[in-house]
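Below, each chain spelled out in residue letters.
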Amino acid sequence: MTLGPEWALDWTRLTAQAMTEHRAELIELDRQIGDGDHGENMFRGFSAVVAKLDALAEPPTTVGDVLKLVATTLMSTVGGAAGPLYGTAYLRAAKVTMVDDLDGAGVVAMLEAGLEGIVVRGKANPGEKTMVDAWTPAVAAAVAAARDGATPTEVLTAAAGAAEQGAKDTKDLLATKGRASYLGERSIGHIDPGATSSALVIRAAAETAARVAG
Amino acid sequence: MSAPASVALVLVSHSRELARGAAELAAQMAPGVVILPAGGTPAGLGTSFDLIFESLVEATDGGRAAVVLTDLGSAVLTTEAVLDLADEDVVARVRLADAPFVEGAVAAAVAAYGGAGLEAVRAAAEGAGAVFAGAASAPRVAATDTGAVADTAGGAQRELTLRNPLGLHARPAAELARMVGGFDATVTINGVDAASVLELMKLGATGGQHLVVRADGPDSSAALDAVARAVEGGFGEA
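Residues numbered from 1 in each chain as written. Chains lettered and ligands numbered in written order. Predicted model: local features only at pLDDT ≥ 70, side-chain atom pairs only at ≥ 80, totals over all residues. Heavy atoms only, no water.

### Section: the overall build of chain B
Filter applied, for reference: Numbering of helices and strands starts at the N terminus; helices are DSSP runs of H or I of at least 4 residues and strands are runs of E of at least 2. The buried label goes to any residue with under 20% of its type's maximum accessible area, the exposed label to any with over 50%, and the partly exposed label to all in between, with areas taken from a 1.4 Å probe on protein chains only. All accessible areas in this document rest on Shrake-Rupley with a 1.4 Å probe, and a residue is counted as covered only by the protein chains that are shown.
When helices and strands are counted, chain B shows nine helices and nine strands. Here chain B holds 238 residues, and 47% of them are scored as buried. A total accessible area of about 10,200 Å² is found for chain B, and carbon and sulfur atoms account for 55% of it.

Structural data, given as structure tokens:
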């Protein structure tokens, strides 16, 4: 089985639903170590994405078409750092998904491109209590799964589990990038909101893959 | 009045009010320079991809170059994302300054007003942080009583006394910096570069203080005369 534009649409809508359901949680996480707007920003951004999907005249023909629309919409509608960070991640991911439906290796390439976009834009390294700390283990798990011949769904499921663990593990980290870095030592003991929303995005990808591809 | 500035400024902030306020402050010292505030989002605090994109397009209209100043982290990220997606001919004429928002905007605006090019305007913005960081320990040149004009090694020097009570605060400092920028001469006041509004403000010179003005270069005597007229006229405040 491979994952095509239909999956990408389902993934995007489920992500929007997850941002709605976790809006308050993300706001609270960000209030503890940031400016408290991450939940609101992600909710607003993905709501705008869904509105754009609803208004599409032609159905998208590739996964990349969907991801590019997500990228440009998030950049325009998410006010915080998450806008350019997610925007660049989706844009890079779109570039490698513009032709074929995704097999296991295609999913890995998409996730790798997403992580690369976040690193290029945010210049963060693993261990600095950012989105990178969810994406880095997710990509590593995806690479390992694909090497063993896993299906796209299995690759995404492995990535989602690793992203969730990575997000949890940000609790003990000291923030050295982003708004939380102003707090210094006081950032320790709180889970990073960007890593948390990243895990939600990747989990939504895995769940929808299981639905459409099994 | 110099020729229309070839470098515009775009001030990117999370806050609409902060961007507007900084633009207003900088514009006061640099009439005619295009200074575009790009602060906030339609939803409130934050940085807007669309607003920054539109501001950059407007700032670089008609072949102008533009220097962008930013406040907190995501202002930089959003600006970089815009530059990733903007047309190459626009991107080639835009520089992102790593500078303190307010001080950098003022310094860049005055440099642009004086006709500085793209890299020089960015350098003026980026140098603004160092100027203020050193302000607390800056040496103050002691006042002396020797007067009149003294020719020294091809240049000229003159001592003046500040007439207006507030001395070299922002507006007069900007007036002097703009003025000396128009002469083919290197002018210093109490040892600092008189073409730098921030260096002049850093002197903290108030009414009654003596200034040692030195000029070197072909226009040195004309520059000294102009500075003397402005100082002795109390910048219209005395």
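Still more to cover.
### Brief notes about the layout of surface pockets
Rules: Residues are called lining when one of their atoms sits within 4 Å of a cavity or pocket point, these points coming from a 1 Å grid over the protein atoms alone, where a cavity is a set in which a 1.4 Å probe fits but cannot get out and a pocket is an open set with protein on both sides within 12 Å along at least five of seven lines. Grid points are joined across faces, edges and corners, and a volume is the space filled by probe spheres set on the points.
Estimated volume of the largest pocket: approximately 840 Å³. If you list the elements that add at least two residues to the lining of the largest pocket, you get α2 (23-33), α3 (38-54), α5 (82-95), α6 (104-122) and α9 (193-213) of chain A together with α3 (73-85) of chain B. Among the elements that make up the lining of the largest pocket, the one with the highest residue count is α3 of chain B (five residues). Quantified by volume, the second largest pocket comes out at close to 250 Å³.

### Comments concerning the interface of chain B and chain A
Put simply, the rule reads: In what follows, residue pairs with any heavy atoms lying within 4.5 Å of each other are defined as contacts. By definition, the buried area sums, over both parts, the 1.4 Å-probe accessible area that each loses when the two are put together. Think of a salt bridge as a Lys or Arg side-chain nitrogen and an Asp or Glu carboxyl oxygen that are within 4 Å of each other. For this analysis, a polar contact is any N or O atom pair within 3.5 Å, provided that within protein one partner can donate a hydrogen and the other can accept it, and provided that sequence-adjacent residues contribute only side-chain to side-chain pairs. We call Asp, Glu, Lys and Arg charged. Ala, Val, Leu, Ile, Met, Phe, Trp, Tyr, Cys and Pro are nonpolar, and the rest, Gly among them, are polar.
Contact with chain B, which involves 15 residues of that partner, is made by 15 residues of chain A. Of the roughly 1,200 Å² buried between chain B and chain A on both sides combined, carbon and sulfur atoms contribute 57%. Note that K123 of chain A and E80 of chain B form a salt bridge whose closest N and O atoms lie 3.0 Å from each other. Counting across the chain B and chain A interface gives four residue pairs in polar contact (both at pLDDT 80 or more). When residues of the side of chain B that touches chain A are traced back to their parent elements, those giving at least two are α2 (49-59) and α3 of chain B. Here the side of chain B that touches chain A takes seven residues from α3 of chain B, the largest share from any one element. Taken together, the residues of the side of chain B that touches chain A break down into six nonpolar, six polar and three charged.

### Some remarks on the confidence of the model for chain B
Residues and elements named next belong to chain B. Selection criterion: As a per-residue measure, pLDDT tells how confident the predictor is, with possible values from 0 to 100.
When pLDDT is averaged along chain B, the result is 86; 88% of the residues meet or exceed 70. The secondary structure element of chain B with the lowest average pLDDT is strand β5 (residues 149-152), at 51, and the one with the highest is strand β3 (residues 65-70), at 98. Low pLDDT (under 50) marks residues 135-148, which in the prediction has 13 contacts with non-local residues, meaning those over four places away or in another chain.

### Topic: the pairing of strand β2 (residues 35-39) of chain B
Residues and elements named next belong to chain B. Selection criterion: By definition, two strands form a pair when at least two bridges between them are found by DSSP. Whether a crossover is right-handed depends on one test, that the path from the first strand over the helix to the second runs clockwise when the strands point away from the viewer.
Buried residues dominate β2, accounting for four of its five residues. In this sheet, β2 lies alongside strand β1 (residues 7-13) in parallel orientation, the contact comprising five bridges. The partner of V12 across the bridge, within β2, is A38. Following the backbone out of β1, through helix α1 (residues 16-28) and into the adjacent parallel β2, one traces a crossover that is right-handed.

### Some points on the side chain of T47 of chain B
Examined against the element boundaries, T47 of chain B turns out to sit in the loop between β2 and α2. Since its relative accessible area comes to 2%, T47 of chain B is described here as buried. There is a polar contact of 3.3 Å between the side chain of T47 of chain B and the side chain of S74 of chain B. For T47 of chain B, the side chain forms a polar contact with the side chain of T78 of chain B, separated by 3.0 Å. Other than its neighbours up to four places away in sequence, T47 of chain B contacts V78 and G79 of chain A together with V12, S13, H14, G40, T41, I52, S74, A75 and T78 of chain B.

### Description of the pattern of salt bridges
All names here are of chain B. The full count for this structure, using the stated rule, is 18 salt bridges over all chains. Here E237 and R171 are joined by a salt bridge, their closest N and O atoms 2.8 Å apart. Here E237, found in the segment after α9 (220-232), pairs with R171, found in helix α7 (residues 170-181); they are 66 residues apart in sequence, far enough to count as distant. R171 sits in the partly exposed class, given a relative accessible area of 31%.

### Points about the nonpolar core
Heads up, the rule is: What we call a nonpolar core is a set of buried Ala, Val, Leu, Ile, Met, Phe, Trp, Tyr and Cys residues that are connected through their side-chain atoms within 4.5 Å.
Counting 83 residues, the largest nonpolar core has W7, W11, F46, Y90, L111 and L156 of chain A as its most contacted members. Sort the elements by how many residues they give to this core and α9 of chain A lands first, with 10 residues. Setting aside its immediate chain neighbours within four residues, W7 of chain A contacts V63, L102, M110, L156, A205, T208, A209 and V212 of chain A. Listed in part, the 34 residues of the second largest apolar core include L176, L198, L200 and A205 of chain B.

### Description of the packing of α5 of chain A against α3 of chain B
In plain terms, the rule: For helices, the fitted line uses only the C-alpha atoms of the stretch in contact; every axis is such a line through C-alpha atoms, and the angle between N-to-C directions lies from 0 to 180 degrees. Each angle receives one of four descriptions, namely roughly parallel if under 35 degrees, roughly antiparallel if over 145, roughly perpendicular if within 65 to 115, and oblique otherwise.
Following both chains from N to C, one finds α5 of chain A and α3 of chain B inclined at 30 degrees, their axes separated by 9 Å at the closest point. Considered as vectors, α5 of chain A and α3 of chain B are oriented roughly parallel to each other. Packed against α5 of chain A, whose contacting residues are P84, L85 and L91 of chain A, the element α3 of chain B presents S74, L77, T78, A81 and L85 of chain B at the interface. Class assignment for the residues of the contact of α5 of chain A with α3 of chain B results in six nonpolar, two polar and no charged.

### Structural notes on empty space enclosed by the protein
All names here are of chain A. All chains considered together, the criterion is met by one cavity of 30 Å³ or more. In this model, the largest cavity occupies a volume close to 60 Å³. Taken together, W11, A89, Y90, A93, M110, L111 and W135 make up the full set of residues lining the largest cavity. At the level of secondary structure, the elements contributing two or more residues to the lining of the largest cavity comprise α5 and α6. Looking at the lining of the largest cavity residue by residue, the class counts come to seven nonpolar, no polar and no charged.

### A look at the side chain of T70 of chain B
Position of T70 of chain B relative to the elements: it lies in strand β3. Filtering out sequence-adjacent residues up to four positions away, T70 of chain B remains in contact with V12, A75, V76, T79, L96, A99 and F101 of chain B.

### Re unusual backbone geometry
All names here are of chain B. Within the chain, N190 stands out as a residue other than glycine whose phi angle is a positive 50 degrees. Looking at the element boundaries, N190 is found in the loop between β7 (186-189) and β8 (192-193). Among the residues examined, N190 registers a relative accessible area of 6% and is labelled buried. Positive phi values are uncommon outside glycine, yet F235 reaches one of about 55 degrees. In this structure, F235 sits in the segment after α9.

### Digging into the domain arrangement of chain B
Residues and elements named next belong to chain B. The criterion, for reference: An automatic or database domain assignment is the source of the domain bounds shown.
We note that the domain assignment places domain 1 (7-133) and domain 2 (149-236) within chain B. Spacing between the C-alpha centres of domain 1 and domain 2 amounts to 28 Å. In this assembly, 11 residues from domain 1 lie in contact with eight residues from domain 2. Together domain 1 and domain 2 conceal approximately 870 Å² of surface at their shared face, both sides included; 80% is due to carbon and sulfur atoms. Scanning the region where domain 1 abuts domain 2 turns up zero salt bridges. One can count one residue pair in polar contact (both at pLDDT 80 or more) joining domain 1 with domain 2. Those elements giving two or more residues to the side of domain 1 that touches domain 2 turn out to be α5 (101-113) and α6 (118-133). Per-element accounting of the side of domain 1 that touches domain 2 gives the leading share, five residues, to α5.

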